[in-house]
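One-letter residues, chain by chain:
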Amino acid sequence: MSGRLHSYEGWDIKDTVFPVRVFTLLEAEILLATNAAGGLNPEFNVGDLMLINDHINFPGLGGLHPLKGPNDERFGERFVAMSDAYDEFLRGRFLDTADALDIKRPIHEGTYAFVSGPTFESRAEARFLKSLGVDSVGMSTIPECITARHGGMKVLALSLVTNSVVVEKPRPSRSKDDGTSLGDGKANHEEVLEAGAQAANDLQKIVEKFLGNL
């Protein structure tokens, strides 16, 4: 896949994971998924990578779930555990590969929150996510990872931190102090694209060697 289908574009959630169903029928054993994400962890900087080791599926908790409906027994059982969704061995191999290539770009591990989009998070929403222990947030990836696990595939997923999510409360409209302006740190799509382009070479090097060593 080059890119993916998003539910915020109007696709049904089951359509967004159709390619993963095809991979399963082709007997693919591993899904490697990447995304651009906003960083909530204060230790993360724009351009850092984060291996996903857990997730919060907010649309899924509310009923927008790729496995909702009759279960297709060709792919897997009705109830799928997500406690081991992100393969520990693959994460370790990815980190070893980056070390072997002497990649200087920081690589973290953490929890990714999937939200439906297409709007970036409000300040209150960002503070809520941060209070839940979320390290990065984005609008994709989790439906595909869930579907891959349903089909018995191993999953490696990582986020590129393309912007730092704003969590500070804005100053009151009549305040004369030095609080946070509403415009400070506002996310924009151009910022996301620029950070992604800068990190592309490092990520490509790691992935090529990682796949070659499996």
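Residues numbered from 1 in each chain as written. Predicted model: local features only at pLDDT ≥ 70, side-chain atom pairs only at ≥ 80, totals over all residues. Heavy atoms only, no water.

Next up on the list: the overall build of the protein. Across its full length, the protein carries seven helices and five strands. For the protein, the N- to C-terminal ordering of α and β elements is α-α-β-β-α-α-β-α-β-α-β-α. A fraction of 84% describes how many contacts in the protein between residues 6 or more apart in sequence connect residues 24 or more apart. Entry remark: accessible area of the protein is about 11800 Å², with carbon and sulfur atoms responsible for 51%. (Helix = DSSP H or I, 4+ residues; strand = E, 2+ residues; numbered from the N terminus. Contact = heavy atoms within 4.5 Å. Areas by Shrake-Rupley, 256 points an atom, 1.4 Å probe, with all protein chains shown as cover.)

Along the chain, N71 turns up in the loop between α3 (58-61) and α4 (88-100). For N71, the side chain forms a polar contact with the main-chain oxygen of G76, separated by 2.9 Å. Non-local contacts of N71, meaning those with residues more than four positions away in its chain, are made with G76, E77, R78 and H150. (Polar contact = N/O pair within 3.5 Å; in protein donor to acceptor, adjacent residues only side chain to side chain.)

This paragraph deals with α4. The terminal C-alpha atoms of α4, which comprises 13 residues, lie 18 Å apart, in line with the 18 Å expected from a rise of 1.5 Å per residue. Along α4, the positions that sit buried rather than exposed are L90, R91, F94, T97 and A98. All buried residues of α4 fall inside an arc of 125° around its axis, so they share one side. Exposed residues on α4 whose side chains face more than 90 degrees from its buried face are E88, F89, D99 and A100. Structurally, the start of α4 carries an N-cap: the backbone nitrogen of F89 is 3.1 Å from a side-chain oxygen of D87. (Expected span 1.5 Å × (residues − 1). Buried < 20%, exposed > 50% of the residue type's maximum accessible area, 1.4 Å probe, protein only. Arc of directions from axis to C-beta.)

So, on to the sheet that holds strand β2 (residues 49-57). The strand order β1-β4-β3-β2-β5 describes a closed barrel built from five strands, whose pairing is mixed. Averaged over all neighbouring strand pairs, the angle between strand axes comes to 50°, with direction disregarded. The pairing of strand β3 (residues 107-114) with strand β4 (residues 136-138) spans three bridges and is classified as parallel. In the sheet register, F114 faces β4, and the bridge partner there is G138. (Pairing = 2+ DSSP bridges. Axes fitted to C-alpha atoms, helices over the stretch in contact; angles between N-to-C directions.)

The subject of this paragraph is the nonpolar core. Counting residues in hydrophobic clusters, the biggest one holds 20 residues, and the most contacted among them are Y86, Y112, V155 and A157. Going through the elements one at a time, β1 (30-39), β2, β3, α6 (142-150) and β5 (154-164) are the ones with two or more residues in this core. In terms of residue count, the dominant contributor to this core is α6 (four residues). Contacts of V155, omitting those with residues within four sequence positions, involve L31, A85, Y86, D87, L90, C145, A148 and R149. Formed by 14 residues, the second largest nonpolar core is a distinct cluster that contains F94, A98, L160 and F210. (Core = buried A, V, L, I, M, F, W, Y, C linked by side-chain atoms within 4.5 Å.)

Each regular strand carries side chains that alternate between the two faces of the sheet. In terms of strand pairing, β1 meets β5 through 10 bridges, oriented parallel. By the bridge assignment, A37 is partnered in β5 with V161. Summarising the sheet, β1 and β4 pair through two bridges and their orientation is antiparallel. Bridged to G39 within β4 is S136.

Counted by the stated rule, this structure contains two aromatic pairs. Aromatic pair F94 and F210: ring centres 5.9 Å apart, planes at 65°, arrangement edge-to-face. Within this pair, whereas F94 is found in helix α4, its partner F210 is found in helix α7 (residues 189-212), the two being separated by 116 residues in sequence. As far as the burial class goes, F94 and F210 line up, both buried. Positioned above the aromatic ring of F75 is the side chain of R21, whose terminal nitrogen or guanidinium carbon lies 4.2 Å from the ring centre. (Phe/Tyr/Trp six-rings, centres within 6.5 Å; stacked < 30°, edge-to-face > 60°. Lys NZ or Arg CZ within 6 Å of the ring centre and 35° of its normal.)

Function cannot be read off these values alone, since they describe shape.
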